[in-house]
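Understanding the architecture of this molecule
Here are the chains, one letter per residue:
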Amino acid sequence: PNQWMIRTPVDEGSWMCTFLTFTPHSNQVTHIFGLVMRNFNVNFPLLDEFHLAHTKFVLAQDERIIESLRPRQAPFDLHLEAHVPSDLPTLHYRKLLKFALQQEHK
């Protein structure tokens, strides 16, 4: 749940890839580190600038949504939420986290 890898096909055999990792710094602050890659026009700085600007634009939209979510911390009782199929990896992670915390407190 702390990493994104978005691989975007551009043309036959060509792609762009955005890799982001989200590293919690505190309960209120998360640092985002990223890398963008492509296997075409590798010496074309304008594409680098466009890709970075687009990624920042999308993250700014996501930030407004995420900061408006309540409760701020997801409950461990997964029955308190409604889920869709794409939530499965996050739900699995939260189950593992709950188990690890329970083991740590024994």
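Preceding this paragraph is the structure being described.
Please read these numbers as outputs of a predicted model, since none were measured by experiment.

Right, let's get into the environment of Leu 91. One can find Leu 91 in helix H2 (residues 88-104). A residue is classified by how much of its surface remains accessible, and Leu 91, at 13% relative accessible area, is buried. Considering only alpha carbons, one finds Leu 91 and Asn 41, 50 residues apart in sequence, at a separation of 39 Å. When near neighbours in sequence (up to four residues on either side) are disregarded, Leu 91 contacts Leu 78 and His 83.

With that settled, the discussion passes to the pairing of strand S2 (residues 14-24). Judged from the eight bridges that link them, strand S1 (residues 3-11) and S2 form a sheet pairing that is antiparallel. Bridging across to S2, Gln 3 finds its partner in Thr 21. Where S2 lies against strand S3 (residues 30-38), nine bridges are found, and the strand directions are antiparallel. For Phe 19, the partnering residue across the bridge sits in S3 and is Leu 35. Linkage of S2 to S3, two consecutive antiparallel strands, is achieved through a turn of five residues.

The rules behind these values
- Residues numbered from 1 in each chain as written.
- Predicted model: local features only at pLDDT ≥ 70, side-chain atom pairs only at ≥ 80, totals over all residues.
- Heavy atoms only, no water.
- Helix = DSSP H or I, 4+ residues; strand = E, 2+ residues; numbered from the N terminus.
- Buried < 20%, exposed > 50% of the residue type's maximum accessible area, 1.4 Å probe, protein only.
- Contact = heavy atoms within 4.5 Å.
- Pairing = 2+ DSSP bridges.

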